[in-house]
Amino acid sequence: MGIAGPHGLPWLFAPRTDPSYKAIYPERYFAHDHVWQRTVARGVGAAVTDQMVTTQAEKNRCAAHNEWYLPQGYRHKLGGLILDQQGWQTVLMMPGKRVFDEATQRLFAALSGHIARAVQLNIRFAQADQHLAASEQALQSMPRAAFVLDADARLLLANPAGEALLRAGGGLHLRDGLLSAHDPAAQQRLLALVRASLGMQLHQPAGALRLQSGCADGELLLPQTQRPARRLLVVPLPRAQTFLSPLVMPGLAAVLIIEIETPDASMAGRLQQRYGLTPAEARLALEMAQGDGKAAAAQRLGITFSTARTHLSRVFDKTGVRRQAELVRLIAQLSSKSPD
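Residues numbered from 1 in each chain as written. Predicted model: local features only at pLDDT ≥ 70, side-chain atom pairs only at ≥ 80, totals over all residues. Heavy atoms only, no water.

A. Focus on the overall build of the protein. For the protein, the count of helices and strands is 14 helices and twelve strands. Per-residue burial over the protein gives 43% buried out of 340 residues. In the protein, 57% of the contacts between residues at least 6 apart in sequence involve partners at least 24 apart. Per element, the accessible surface of the protein, about 18,100 Å² overall, is 54% carbon and sulfur. (Helix = DSSP H or I, 4+ residues; strand = E, 2+ residues; numbered from the N terminus. Buried < 20%, exposed > 50% of the residue type's maximum accessible area, 1.4 Å probe, protein only. Contact = heavy atoms within 4.5 Å. Areas by Shrake-Rupley, 256 points an atom, 1.4 Å probe, with all protein chains shown as cover.)

Laid out in structure tokens, this is it:
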């Protein structure tokens, strides 16, 4: 069985074929194999023998027949185009020593539909695996904290920013593997949104709630009104994308995305004006005020740890502070004053 596309035959499964012969077929013989090419031309579902599409004289002149099939004892062939979709053609070819009779041809034709469905299932599973891998990679690279939960709010996956938020105590915590909000009312709302997402479609608005209690360690130095607010978005996963979705993603209910709402955006401008910070340095200073360290701040800003370290060193030099706690205190004092 092989799957051919516009640029050749990238996939070939031939368990009874000598591996050395199998390796050279796609590039050396595939394009000149009259039987294969003419079998495809007969369309999906047709059972085709070599006698139907070529003569013995033509086979005697064919390099694929003489140099590839005959040395392995393959004198005759029965095959068919199993699937033809999106520019890819799946062909099943059965080589043999004897002519394939009509009964065998009928059996092949009857089985071709079942084989086609099996191929489609395998393709769908492979595509689903690729989509899940790509989705996980995208989730891991998000600068915002994100979590994947099941219907009971059990944590299945957290990206690095999410793990940092849990370690810092930013309004959420794990209890027996379940993601929970510190505030009981927020916890009830969270669980209700997650379970409701099972019946939601992607075009529907995602539910949201604010995390009112719990804060990262460094934020304890800030007045309550100056602490960053966190808005939790509940995004439903696509459960009806394909008929295989319930098999591919059993029990997944929702993705939670945490938006950090930092203090007044004008604070960045005030830091720049008073201390001569660049916009990038001011943004990092405000992120560092959340108290969960350089790595988490860099993740949220989408910059490297090395860049964050360089920015922070310049922030310390320009503001005259030497520790993160002092920077948090400085921002808190600046927030409590009216602009100059």
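The rest of the description comes next.
B. Up close: the sheet that holds strand β5 (residues 88-96). Ordered in space as β2-β1-β5-β4-β3, the five strands form an open sheet in which the pairing is antiparallel. Lying at the two open borders of the sheet, with one neighbouring strand each, are β2 (8-12) and β3 (48-49). The pairing of strand β1 (residues 2-5) with β2 spans three bridges and is classified as antiparallel. Opposite Gly5, over in β2, you have Gly8 as the bridge partner. (Pairing = 2+ DSSP bridges.)

C. Structural context of the side chain of Thr17. By the secondary structure assignment, Thr17 is in the loop between β2 and α1 (19-29). Using a relative accessible area of 12% as the deciding quantity, one classes Thr17 as buried. With near-sequence residues (within four places) excluded, Thr17 lies in contact with Lys22, Trp68, Gln72 and Tyr74.

D. Looking closely at the packing of helix α12 (residues 293-301) against helix α13 (residues 305-319). At their nearest, the axes of α12 and α13 sit 9 Å apart, and the two run at 110 degrees to each other. By the angle class used here, α12 and α13 are roughly perpendicular. For the crossing formed where α12 meets α13, the hand is right-handed. Contacts between α12 and α13 involve Lys294, Ala295 and Ala298 on the former and, on the latter, Phe305, Ala308, Arg309 and Leu312. Along the lines of polarity and charge, the residues of the contact of α12 with α13 split into five nonpolar, no polar and two charged. (Axes fitted to C-alpha atoms, helices over the stretch in contact; angles between N-to-C directions. Parallel < 35°, antiparallel > 145°, perpendicular 65-115°, else oblique. Left-handed = near helix turned anticlockwise from the far one by under 90°. Nonpolar A, V, L, I, M, F, W, Y, C, P; charged D, E, K, R; others polar.)

E. A look at the pairing of strand β9 (residues 178-181). Pairing of strand β8 (residues 172-175) with β9 involves four bridges; the strand directions are antiparallel. Its bridge partner lying in β9, His173 is registered against Ser180. Where β8 hands over to β9, the hairpin turn is made up of two residues, of which Asp176 adopts a positive phi near 55 degrees.

F. Structural detail: the packing of helix α11 (residues 279-288) against α13. In contact at an axis separation of 9 Å, α11 and α13 are set at 90 degrees when each is read in the N-to-C sense. Considered as vectors, α11 and α13 are oriented roughly perpendicular to each other. Residues Ala280, Glu281, Leu284, Ala285 and Met288 of α11 touch α13, and the partners they reach there are Ala308, His311, Leu312, Arg314, Val315 and Lys318. A per-class count over the contact of α11 with α13 returns seven nonpolar, one polar and three charged.

G. Up close: the packing of aromatic side chains. Here the structure, examined in full by the defined rule, presents eight aromatic pairs. With a centroid separation of 6.5 Å and an interplanar angle of 50 degrees, the aromatic rings of Trp68 and Tyr74 are classed as tilted. The same class applies to Trp68 and to Tyr74, which are both buried. Joined through ring pairs, the aromatic side chains of Tyr21, Tyr25, Phe30, Trp36, Trp68, Tyr69 and Tyr74 make up one cluster. Over the aromatic face of Tyr69 sits the side chain of Lys77, whose NZ or CZ is 4.0 Å from the ring centroid. (Phe/Tyr/Trp six-rings, centres within 6.5 Å; stacked < 30°, edge-to-face > 60°. Lys NZ or Arg CZ within 6 Å of the ring centre and 35° of its normal.)

H. Inspection of the pattern of salt bridges at higher detail. Scanning all chains against the criterion turns up six salt bridges. The closest approach of N and O atoms between Lys59 and Asp50, which form a salt bridge, is 2.7 Å. Taking relative accessible area as the criterion, Lys59 reaches 6% and is therefore assigned buried. The salt bridge involving Lys318 is made with Glu281; its shortest N-O contact spans 2.8 Å. A residue pair is termed long-range when its members are at least 10 positions apart, and Lys318 in helix α13 and Glu281 in helix α11 qualify at 37 residues. By relative accessible area, Glu281 is classed as buried at 2%. (Salt bridge = Lys/Arg side-chain N within 4 Å of Asp/Glu carboxyl O.)

I. Fine view of the confidence of the model for the protein. Confidence in the prediction of the protein, expressed as mean pLDDT, is 78, and 75% of residues score 70 or more. Mean pLDDT values for the elements of the protein range from 36 in helix α9 (residues 245-248) up to 95 in β3. Here residues 201-206 is modelled with pLDDT under 50, and outside its nearest four sequence neighbours on either side it reaches nine contacts, counting other chains as well. Of the regions scoring below 50 in pLDDT, residues 213-227 engages in 43 contacts with residues more than four places distant in sequence or in other chains. (pLDDT = per-residue confidence, 0-100.)

J. Quick look at the side chain of Thr54. Summarising the element assignment, Thr54 is placed in the loop between α3 (50-53) and α4 (56-61). A relative accessible area of 9% means that Thr54 is categorised as buried. At a separation of 2.6 Å, a polar atom in the side chain of Thr54 contacts the side chain of Glu58. Among all residues touching Thr54, those that are not within four sequence positions of it are Val35, Arg38 and Lys59. (Polar contact = N/O pair within 3.5 Å; in protein donor to acceptor, adjacent residues only side chain to side chain.)

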